[in-house]
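Residues per chain, in single letters:
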Amino acid sequence: MSENNFNRRDFLKVVGMGGAAATLSGCGWTSIQNGKETVVSYVTLPDYVIPSVANYFNSTCAQCDAGCNIMLRVREGRALKAEGNPHSPINRGKMCGLGQAGIQAHYNPDRVTGPMLNGQAITWDKALQELNNKLSGAKGDEIAFVTGVMSGHAQSLLNTYMDAVGSKNRFSYEAISPAVLRTVNKKAYGMSMPRYRIDKARVVVSFGADFLGAWVSPVYFSQLYAKFRKGTRPEGRGVLVQIEPKMTVTGANADRWIGIRPGTEGIFALGLINALGASGVSIPADIAAVAHDYTPERVGTDTGVPFDRITKLAALLKERTPSLVLAGDAVEGYSYGTENGMAIAMLNHVLGNVGKTVEAAAAVPFTQFAPVVGNRSSLNALNDGLAAGKYKVVFTYATNPVHTAPASLNFSKNFMKAGFKVALAQYMDETAKAADLVLPLDSPMEDWATVVPEYMAAPEGAYSESYAQMSFRQPTMEKLYPNADGSGTRGVCDILLALLKQRKPDAYKDVNDFYSYLHADVLKNKVALGGTAADDNDAFWNDTISKSIVPLKGVSGKLASRPSVAGLSLPSPVTPDASYPLRLIPHVSASIRDGRNANEPWLQESPDPLTTIVWDSWVEIHPKTAEKLGIVEGDIVEITSRSGSIRTQAYIFPGIHPDAVSVPVGYGHTAMGRWAKDTGANVFGILDPVYDKTTGELAMNETHVKISKAGDRVIVVKDEGFAGGSQAGKKKIAVKVSTSKVDLSKEV
């Protein structure tokens, strides 16, 4: 204790102060900003509230689009903690860190708390009246609505509203979209999202599918992976081989990680098919013709992977069946991403995996509630209309294109050409900041909703092939910002109903709010939702909401027969341009994802699983490349593409191909809130406008860059300590810094 002159008496003073503060904080609501507190006593308690005893409410997570079912612990009327619902086929009682941080989205002090018109607070009545005035002067084709992924009743109400205004300009956009995967699956298997049975495979070969990190439904896949790795299985312990140019969380867990030259994944797959044929596996004629010239020696040269690894992997796949081959982000992000994916999907047909580890999935029987997913081509279509000055009113919801659109689109500039811009938002993000009217949303812990996941997981059992589900999201506490004095927040479905009442007042005159609308709809369809006509209405409603998961007899899907791949061709590896010699690989982290959750400090504080970096973005550079460029860890470097440049800190990382560098997406916000703004660099802004030739999806990995030192250097803030240091060194630095020299506001 002598190093920092902090004695036992000082320690006890701090503990005493902390104890007093902790005691007071349990009595009411304490402001983080000024420490003021409102003490409220419970004179008349709700009948379900017992002081100090928690209640649990089942609901559905809204932190990503996987649709995990959760239980929220509520005590004295406040949501405190979320955990996985053990009855959920999707997450089976588990929950990721991203989902855990949902509680911070709810209590976030940067939430929008009331309607705003041109930056000024207004009432809901005035907001809706202003909106109605603008809509009255617009024709149907002059109104557009752009959203993220939507499903359930919100999706149905939005379609009804667009029909009511006579508009077909409904756009759905995901910044990180598996649009290429959906197209490949549709061609190869007959459905966009079949079920991948990792738990039934003896070998999994994953081409950049980070199913343990951020791919499709990672909590669900983690459960299957746990079974896959058990040595007590009849099939034995599964073997995982990960092939990708930049190591992911899944790659770090693999038995064999193969670093491949970016863009040559399809070539590797065709070489693997060739090697399987040479080992005696029967290959259909059209596939054999496509793969004929891809000998192990040629593939080794093209991909940078020693050819003996290809023959060894072929022998492993031949010996251990069934297997499963997956294609992820690393495969899709090229102008030939669809062809890459098709070459890899053919491996599942050649190996006999289709129908064994690639299974048909069912769809919900209510097509109006099915999820509407997004893609970049939808954003491009919206952008073209904006550039032409086509729209008088544009709505945005659950998406932030001003932040995530590449600079080459000039989306921010084109967005300003819309006559009247309306953002339905929980935060004042970049798109909401550019809007004329901001309508503040309830958090998912205050709102009613129904959710249908795109990836339809299923429980074990005889009926799993036809299993589908719809989940409910319900308020777990009173609103933090109630509709007092005409302000406060509202649910998205309540807003859509208010808009519908403006267009069809007679049809919706008896609908008071979305709760009453949902309640009536559930009871009207209780037989279809698993009940009987004789069921008591109140009992059925309470049982449905308390479980939050509604199992449905879905519309059974059917796997298609193998398509012909005659004519499939892949380009030769790209010769690096001397001006832009490195390929940029934007990667998706398990916590920040596409940036929609960047203002939740728990996620900023969560160390990246591979680099352990917190509170900033970084660029991963292979040690050989870094040595060649004279770059060391902590150097601030400028990454320049043909479309723009960003600056960030360098991290020397052996888990990336020497021909590539990688920067995480989701950082670099210029708005949204105190924890997101000015944290890191926005890699979306420098992506070149190159698109997949088949789907029109942005080819995320087709941007080439050059890197130069900017002249500054920092100590990279990460859990593993600074370069060349240790945890012990980190502690030594901590005790040497005097508290009088630390600006805590800047530290936080």
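Residues numbered from 1 in each chain as written. Predicted model: local features only at pLDDT ≥ 70, side-chain atom pairs only at ≥ 80, totals over all residues. Heavy atoms only, no water.

(A) Spatial organisation of the pattern of salt bridges. Under the definition given, this model contains 31 salt bridges. Across the salt bridge formed by Glu-359 and Arg-197, the nearest N and O atoms sit 3.3 Å from each other. Taken together, the residues Glu-359 in strand S15 (residues 358-359) and Arg-197 in the loop between strand S10 (195-196) and strand S11 (203-207) connect sequence positions 162 residues apart. For Glu-359, a relative accessible area of 15% puts it in the buried group. Salt bridges sharing common partners tie together Arg-197, Asp-199, Lys-200, Glu-359 and Glu-460. (Salt bridge = Lys/Arg side-chain N within 4 Å of Asp/Glu carboxyl O. Helix = DSSP H or I, 4+ residues; strand = E, 2+ residues; numbered from the N terminus. Buried < 20%, exposed > 50% of the residue type's maximum accessible area, 1.4 Å probe, protein only.)

(B) Region of interest: the nonpolar core. Core analysis: the largest hydrophobic core is formed by 84 residues, its most contacted members being Phe-207, Phe-211 and Phe-268. In terms of residue count, helix H9 (residues 265-278) provides more of this core than any other element does, eight residues in total. Sequence-distant contacts of Phe-211, defined by excluding residues within four places in its chain, comprise Ile-198, Val-204, Ser-206, Pro-218, Phe-221, Ser-222, Tyr-225, Leu-240, Thr-250 and Leu-326. By size, the runner-up hydrophobic cluster in this structure holds 55 residues, among which are Ile-143, Phe-145, Tyr-397 and Ile-545. (Core = buried A, V, L, I, M, F, W, Y, C linked by side-chain atoms within 4.5 Å. Contact = heavy atoms within 4.5 Å.)

(C) Summary view of the sheet that holds strand S13 (residues 256-259). Spatial strand order, S13-S12-S11-S14: four strands in an open sheet with parallel pairing. The open sheet has two edge strands with one neighbour each: S13 and strand S14 (323-327). Strand-to-strand, the axes of this sheet are offset by a mean angle of 10°, without reference to chain direction. Summarising the sheet, S11 and S14 pair through five bridges and their orientation is parallel. The residue bridging Val-204 from the neighbouring strand is Leu-324, located in S14. (Pairing = 2+ DSSP bridges. Axes fitted to C-alpha atoms, helices over the stretch in contact; angles between N-to-C directions.)

(D) Representation of H9 in the model. Relative to the 20 Å expected for 14 residues at 1.5 Å per residue, H9 spans 20 Å between its end C-alpha atoms, a close match to the ideal helical length. Counting buried residues along H9, 12 of its 14 residues qualify, which places the element largely inside the surrounding structure. Inspection of H9 places Glu-265, Gly-266, Ile-267, Phe-268, Ala-269, Leu-270, Gly-271, Leu-272, Ile-273, Asn-274, Ala-275 and Leu-276 among the buried residues, and these make up the whole buried set. (Expected span 1.5 Å × (residues − 1).)

(E) Seen up close, the sheet that holds strand S8 (residues 143-147). Ordered in space as S7-S6-S18-S17-S16-S8-S9, the seven strands form an open sheet in which the pairing is mixed. Bordering the open sheet on either side are strand S7 (120-121) and strand S9 (170-172), each of which pairs with just one other strand. Note: strand S6 (residues 116-117) against S7, two bridges, orientation antiparallel. Looking across to S7, one finds that Leu-117 is bridged to Gln-120.

(F) Molecular detail of the pairing of strand S12 (residues 239-244). Within S12, five of the six residues are buried, leaving the element largely enclosed by the surrounding structure. Alignment of S11 against S12, held across five bridges, turns out to be parallel. Bridging across to S12, Phe-207 finds its partner in Ile-243. In this region the chain leaves S11, passes through helix H7 (residues 218-228) and returns to the parallel neighbour S12; the handedness of that crossover is right-handed. Sheet analysis places S12 next to S13, joined by four bridges and oriented parallel. Within S13, the position partnered with Glu-244 by the bridge is Gly-259. (Right-handed = clockwise from strand over helix to strand, strands pointing away.)

(G) Broad picture of helix H12 (residues 307-319). With 13 residues, H12 should cover 18 Å at 1.5 Å per step; its first-to-last C-alpha distance of 19 Å lies within 8% of that length. Buried within H12 we find Ile-310, Leu-313, Ala-314 and Leu-317. Projected down its long axis, H12 shows its buried positions confined to an angular sector of 105°, all on one face. More than 90 degrees from the buried face of H12, the exposed residues found are Lys-312 and Glu-319. Contact partners of the buried residues in H12: S11, S12, H9, helix H11 (296-303) and S14. (Arc of directions from axis to C-beta.)

(H) Structural context of the packing of H9 against H11. Interhelical geometry of H9 versus H11 gives an angle of 165° and a closest axis separation of 9 Å. In terms of orientation, H9 lies roughly antiparallel with respect to H11. Between H9 and H11 lies a crossing of left-handed hand. Where H9 abuts H11, its residues Ile-267, Phe-268 and Gly-271 lie against Val-299, Asp-302 and Thr-303. For the contact of H9 with H11, the class distribution of residues is three nonpolar, two polar and one charged. (Parallel < 35°, antiparallel > 145°, perpendicular 65-115°, else oblique. Left-handed = near helix turned anticlockwise from the far one by under 90°. Nonpolar A, V, L, I, M, F, W, Y, C, P; charged D, E, K, R; others polar.)

(I) How the structure looks around unusual backbone geometry. Each neighbour pair has its own omega, and for Thr-321 with Pro-322 the value is 0°, a cis peptide bond. Considering the arrangement of structural elements, one finds Pro-322 in the loop between H12 and S14. A positive phi angle is found at Asn-118, which is not glycine, with a value near 50°. In this fold, Asn-118 is placed in the loop between S6 and S7. Residue classification places Asn-118 among the exposed residues on the basis of a relative accessible area of 55%.

(J) Spotlight on the packing of aromatic side chains. Under the counting rule described, the total for this entry stands at 23 aromatic pairs. Residues Phe-145 and Phe-395 carry aromatic rings whose centres are separated by 4.7 Å and whose planes lie at 10° to one another, so their mutual orientation is stacked. Highlighted residues: Phe-145 in strand S8 and Phe-395 in strand S16 (residues 393-397), separated in sequence by 250 residues. Overall, Phe-145 belongs to the buried group, its relative accessible area being 2%. The interplanar angle of 45° and the centroid separation of 5.2 Å between the aromatic rings of Trp-448 and Tyr-515 together place this pair among those described as tilted. Placement of the pair is Trp-448 in the loop between strand S18 (437-440) and strand S19 (449-451) and Tyr-515 in helix H20 (residues 514-524), with a sequence separation of 67 residues. Ring-pair connections join several aromatic residues into one group, and the members of that group are Tyr-196, Phe-211, Trp-215, Tyr-220, Phe-221, Tyr-225, Phe-228 and Tyr-455. For the cation-ring pair, Arg-298 lies above Tyr-294, with the distance from its terminal atom to the ring centre recorded as 4.2 Å. (Phe/Tyr/Trp six-rings, centres within 6.5 Å; stacked < 30°, edge-to-face > 60°. Lys NZ or Arg CZ within 6 Å of the ring centre and 35° of its normal.)

(K) The arrangement of the side chain of Ser-589 in detail. Structurally, the position occupied by Ser-589 is in the loop between strand S22 (582-587) and helix H22 (601-605). Accessibility expressed as a relative area gives 8% for Ser-589, which makes it buried. At a separation of 3.1 Å, a polar atom in the side chain of Ser-589 contacts the main-chain amide nitrogen of Ile-592. Setting aside anything within four residues of it in sequence, one finds Ser-589 in contact with Ala-214 and Asp-608. (Polar contact = N/O pair within 3.5 Å; in protein donor to acceptor, adjacent residues only side chain to side chain.)

(L) Layout of empty space enclosed by the protein. Considering all chains together, one arrives at five cavities of 30 Å³ or more under this definition. Roughly 110 Å³ of internal volume is contained in the second largest cavity. Around the second largest cavity sit 17 residues that line it, and Cys-61, Ala-62, Ile-70, Pro-444 and Met-445 are the ones nearest its centre. Those elements giving two or more residues to the lining of the second largest cavity turn out to be strand S3 (55-60), strand S4 (69-75) and helix H3 (102-107). The greatest single-element share of the lining of the second largest cavity, amounting to three residues, is contributed by H3. Counted by class, the lining of the second largest cavity contains nine nonpolar, seven polar and one charged residues. (1 Å grid on protein atoms, 1.4 Å probe; cavity = no way out; pocket = protein on both sides within 12 Å on 5 of 7 lines; lining within 4 Å. Points joined across faces, edges and corners; volume = space filled by probe spheres on them.)

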